[in-house]
Amino acid sequence: MEALYTTGLEIHFVGVVVLLAVVMFNIIMLALSHQIIRYAKRLRIVIPISWGLITITIFTGIVMMAAKHLTFSLANIAMIILSIIFIILEIKRYKILKYETDIRQKGALTEYKRKAFRYLGIEMLLLIVMSIWMVV
């Protein structure tokens, strides 16, 4: 049982690290984009990857909690809250691009970048702070 738990924690940690890399990739992709239509097409490829990693991380966290007989600690509660915030930020970021940004308007990418960088920065900060907390 202990080996299963250790393996699950390793998978969980790898999922978080890869999710952190995807968030960094999103930031770089956004910074290097000059046309909103091309960026939106690329984002349609990256978003399923992001959601898959979020799902893997949440699922492995749930399995680890079940392995510990659903014992809630401060760290577990913080991770649950972080997961909810992360999902909300991703939904808001995509919603801004899909519904609130007029891609025909000049300067639409600049307006979107301002908002998206804020959400991605918050996601990156939350992931880094939580990862440091769990490692230390």
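For the structure, see preceding data.
Attention in this report is confined to the structure presented alongside it. (Residues numbered from 1 in each chain as written. Predicted model: local features only at pLDDT ≥ 70, side-chain atom pairs only at ≥ 80, totals over all residues. Heavy atoms only, no water.)

Side note on the layout of surface pockets
Thinking step 1. Approximately 680 Å³ is the volume found for the largest pocket.
Thinking step 2. In terms of lining, the largest pocket is formed by 30 residues, of which the most central are His12, Val16, Thr57, Gly61 and Met79.
Thinking step 3. Elements with a minimum of two residues in the lining of the largest pocket: helix H1 (2-32), helix H2 (36-67), helix H3 (74-100) and helix H4 (108-135).
Thinking step 4. When residues in the lining of the largest pocket are grouped by element, the largest group, nine residues, is from H3.
Thinking step 5. In terms of residue class, the lining of the largest pocket is built from 21 nonpolar, eight polar and one charged.
Thinking step 6. Estimated volume of the second largest pocket: approximately 180 Å³.
Thinking step 7. Together, Ile37, Ala40, Lys41, Arg44, Tyr94, Leu97, Lys98, Thr101 and Ile103 line the second largest pocket. (1 Å grid on protein atoms, 1.4 Å probe; cavity = no way out; pocket = protein on both sides within 12 Å on 5 of 7 lines; lining within 4 Å. Points joined across faces, edges and corners; volume = space filled by probe spheres on them. Helix = DSSP H or I, 4+ residues; strand = E, 2+ residues; numbered from the N terminus. Nonpolar A, V, L, I, M, F, W, Y, C, P; charged D, E, K, R; others polar.)

Regarding the nonpolar core
Thinking step 1. In this structure, Tyr39, Leu43, Leu97, Tyr112 and Leu127 are the most contacted members of the largest nonpolar core, which totals 27 residues.
Thinking step 2. Secondary-structure elements contributing two or more residues to this core are H1, H2, H3 and H4.
Thinking step 3. Non-local contacts of tyrosine 39, meaning those with residues more than four positions away in its chain, are made with Met29, Leu30, Ser33, Arg93, Leu97 and Tyr112. (Core = buried A, V, L, I, M, F, W, Y, C linked by side-chain atoms within 4.5 Å. Buried < 20%, exposed > 50% of the residue type's maximum accessible area, 1.4 Å probe, protein only. Contact = heavy atoms within 4.5 Å.)

Remember that the coordinates give geometry; whether it matters functionally is a separate question.
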